[in-house]
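The residues making up each chain are set out below.
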Amino acid sequence: MSTSDRPSKEVGAVHRASHRGDDPVDLVVEGALQRLLDDGERQDGTRLWDAVRGASRGGKRLRPRILLDAYDALAGVAPPEPHDVAVRVAAALELLHHAFLAHDDVIDGADTRRGRPNAAGMHAAQALKSGASARQAQGYGAAAGILAGDLALAAAVRAVALCGAAPAATERLLDVVDEAMHLTADGELADVRLSLGGCADLDEALRTAERKTAVYSFQLPLRAAVILAGREELDAGVRRLGRDLGLAFQLRDDLDGVFGDPAETGKSNASDLREGKCTPLVALAHGTSAWGELSTLLGDPDAGDAELQRARELLEACGARAAVETLAADLERDAVVMGHDLGLGALAEAVAGARLPREPSAA
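These remarks concern the structure in this document. (Residues numbered from 1 in each chain as written. Predicted model: local features only at pLDDT ≥ 70, side-chain atom pairs only at ≥ 80, totals over all residues. Heavy atoms only, no water.)

### Quick look at the nonpolar core
Move 1: Ranked by internal contacts, the top residues of the largest apolar core, which has 70 residues, are Leu67, Leu95, Leu173, Leu241 and Leu344.
Move 2: Among the elements that line this core, the one with the most residues is helix H5 (residues 83-108), at twelve residues.
Move 3: Apart from the residues within four sequence positions on either side, Leu173 is in contact with Val89, Val160, Cys163, Ala165, Ala224, Ile227 and Leu228. (Core = buried A, V, L, I, M, F, W, Y, C linked by side-chain atoms within 4.5 Å. Buried < 20%, exposed > 50% of the residue type's maximum accessible area, 1.4 Å probe, protein only. Helix = DSSP H or I, 4+ residues; strand = E, 2+ residues; numbered from the N terminus. Contact = heavy atoms within 4.5 Å.)

Written as structure tokens, this is what we have:
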């Protein structure tokens, strides 16, 4: 029986989620995540774990939702791994996400996340209050962010190892988590390298976006779901699906980061321009007639509203915005077709069509 002929149980969490406090998926994932955080407490407790716990609050739980939705759609009536194991793995991936965010904030020099101090910001403020200089406080905060991320990373891997799945399935889960961590780290470093000067071509910018976002936010939960559902013959397919969904998601996020209304998107529409981030949007503008002027506006931390607006006008006039919108739409359309072939059509439509509310990636 082909995947397209197989009866579908596409009634999972992502496409029916209400994003309200009484959402049953939120309640299940939140409970599992809190148990993981409780397990991480030590008798000689540290402020670092308090920072991890604080950072875990908020967000749309995108990765757990994708994993559980895919598991629900593919598991059938007698899955090899029960639903509670899938929930524990889903919570572990959420903790992995927060580990990446902690490290990403240090790399970006950010001291807030979701409008409140992150691990670095919290500890830097404490250092300033105790009399440290601004430079000392910044270094102390960065150290705290790195170490908090390390603790969350170790706890996430430990949670997967102790999820309760059969030994062979647990080994496979650890394999895909390890692969995702390596590729995501490579993508993060490539993103930093691209910010050193010049600009990548489109292929390199897309490859960086794929490794930074698609691999751990989309491919990993999908691959974990097929392992838990006993459907590993779909691994190659869900990797392609995750790539397309993840790239489209990141491209839309890049557009929001330049042209979006912060009141609606929840993110700045100035920071990417002021940092001069070499996103696919910027890569497409490179080499056009607009680049000479645009290159003088990007990467200026002191750029004012007029300069930022001019950069947006140039990105639009040279066709880069339209090209990114077309590319994202093509990826979303292909993902929906592929999703239906895999028995994951409703999930693909939810992410690509309705587009879940944005939350920060490790971007």
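### Observations regarding unusual backbone geometry
Move 1: Residue Arg61 is not a glycine yet carries a positive backbone phi of 55°.
Move 2: Take Arg61: it is sitting in the loop between helix H3 (47-55) and helix H4 (62-74).

### Focus on empty space enclosed by the protein
Move 1: Scanning all chains against the criterion turns up four cavities of 30 Å³ or more.
Move 2: Taken as a whole, the largest cavity encloses approximately 140 Å³ of empty space.
Move 3: Lining the largest cavity we find 14 residues, and of these Asp191, Ala209, Lys212, Gln250 and Thr279 sit closest to its centre.
Move 4: By residue class, the composition of the lining of the largest cavity is six nonpolar, four polar and four charged.
Move 5: Taken as a whole, the second largest cavity spans an internal volume of roughly 50 Å³.
Move 6: Along its surface, the second largest cavity is lined by Val176, Glu179, Ala180, Leu183, Val215, Gln219, Leu220, Arg223 and Arg239.
Move 7: Broken down by secondary-structure element, the contributors of at least two residues to the lining of the second largest cavity are helix H8 (167-194) and helix H9 (202-228).
Move 8: Grouping the amino acids of the lining of the second largest cavity by side-chain chemistry returns five nonpolar, one polar and three charged. (1 Å grid on protein atoms, 1.4 Å probe; cavity = no way out; pocket = protein on both sides within 12 Å on 5 of 7 lines; lining within 4 Å. Points joined across faces, edges and corners; volume = space filled by probe spheres on them. Nonpolar A, V, L, I, M, F, W, Y, C, P; charged D, E, K, R; others polar.)

### Details of the packing of aromatic side chains
Move 1: Here the structure, examined in full by the defined rule, presents two aromatic pairs.
Move 2: Centre to centre, the rings of Phe100 and Tyr216 are 4.8 Å apart; their planes meet at 75°, and the pair counts as edge-to-face. In this pair, Phe100 sits in helix H5 while Tyr216 sits in helix H9, placing the two residues 116 residues apart along the sequence. Neither Phe100 nor Tyr216 differs from the other in exposure class; each is buried.
Move 3: Taken together, a centroid distance of 5.3 Å and an interplanar angle of 55° make the contact between Phe218 and Phe249 tilted. Here Phe249 lies in helix H10 (residues 235-259) and Phe218 lies in helix H9, a separation of 31 residues in the sequence.
Move 4: Its relative accessible area of 7% is what places Phe249 among the buried residues.
Move 5: For the cation-ring pair, Arg321 lies above Phe259, with the distance from its terminal atom to the ring centre recorded as 4.1 Å. (Phe/Tyr/Trp six-rings, centres within 6.5 Å; stacked < 30°, edge-to-face > 60°. Lys NZ or Arg CZ within 6 Å of the ring centre and 35° of its normal.)

### Digging into the side chain of Asn118
Move 1: Within the element layout of this structure, Asn118 appears in the loop between strand E2 (116-117) and helix H6 (119-129).
Move 2: Within the structure, Asn118 has its side chain in polar contact with the side chain of Asp105 (distance 3.0 Å). (Polar contact = N/O pair within 3.5 Å; in protein donor to acceptor, adjacent residues only side chain to side chain.)

### A few points about a nonpolar patch on the surface
Move 1: Among the surface-exposed residues, Ile107, Leu189 and Val192 lie close enough to one another that they form a single nonpolar patch of about 260 Å² accessible area.
Move 2: For Val192, the position within the fold is in helix H8.
Move 3: Take Val192: its relative accessible area is 31%, and that puts it in the partly exposed class. (Patch = residues over 30% accessible without salt bridge, like charges linked within 9 Å, V, L, I, M, F, W, Y side chains within 5 Å. Areas by Shrake-Rupley, 256 points an atom, 1.4 Å probe, with all protein chains shown as cover. Salt bridge = Lys/Arg side-chain N within 4 Å of Asp/Glu carboxyl O.)

### Quick look at H9
Move 1: By the largest-angle criterion, Ala214 marks the main kink of H9, which is about 60°.
Move 2: With respect to burial, H9 is a largely interior element, 23 of its 27 residues being buried. (Bend = angle between axes of the 7 residues up to and from the residue.)

### A word on helix H15 (residues 305-317)
Move 1: End to end, H15 covers 18 Å across 13 residues, agreeing with the expected 18 Å (1.5 Å per residue, within 8%).
Move 2: Buried within H15 we find Leu308, Ala311, Arg312, Leu314 and Leu315. One side of H15 holds all its buried residues, which, seen down the axis, span an arc of 165°. Turned more than 90 degrees away from the buried face of H15 sit Asp305, Ala306 and Ala317, all of them exposed.
Move 3: On its buried face, H15 is in contact with H10, helix H12 (271-275), helix H13 (280-285), helix H14 (291-297) and helix H16 (320-342).
Move 4: Count one or two residues on from H15 and you reach Gly319, which has phi positive near 95°. (Expected span 1.5 Å × (residues − 1). Arc of directions from axis to C-beta.)

### Things to note about the environment of Trp291
Move 1: Within the secondary structure layout, Trp291 lies in helix H14.
Move 2: In this structure, the C-alpha to C-alpha distance between Trp291 and Leu315, residues 24 residues apart in sequence, is 8.9 Å.
Move 3: Among residues more than four places away in sequence, those in contact with Trp291 are Cys199, Val282, Ala285, His286 and Leu298.

### Examining the environment of Arg321
Move 1: The residue Arg321 is located in helix H16 in this model.
Move 2: A relative accessible area of 24% places Arg321 in the partly exposed class.
Move 3: When the C-alpha positions of Arg321 and Val258 are compared, they lie 9.7 Å apart, and in sequence the two are 63 residues distant.
Move 4: Contact partners of Arg321, with chain neighbours within four places excluded, come to Leu255, Phe259, Leu281, Leu315 and Glu316.

Note that all results are geometric; they support no functional claim without further evidence.
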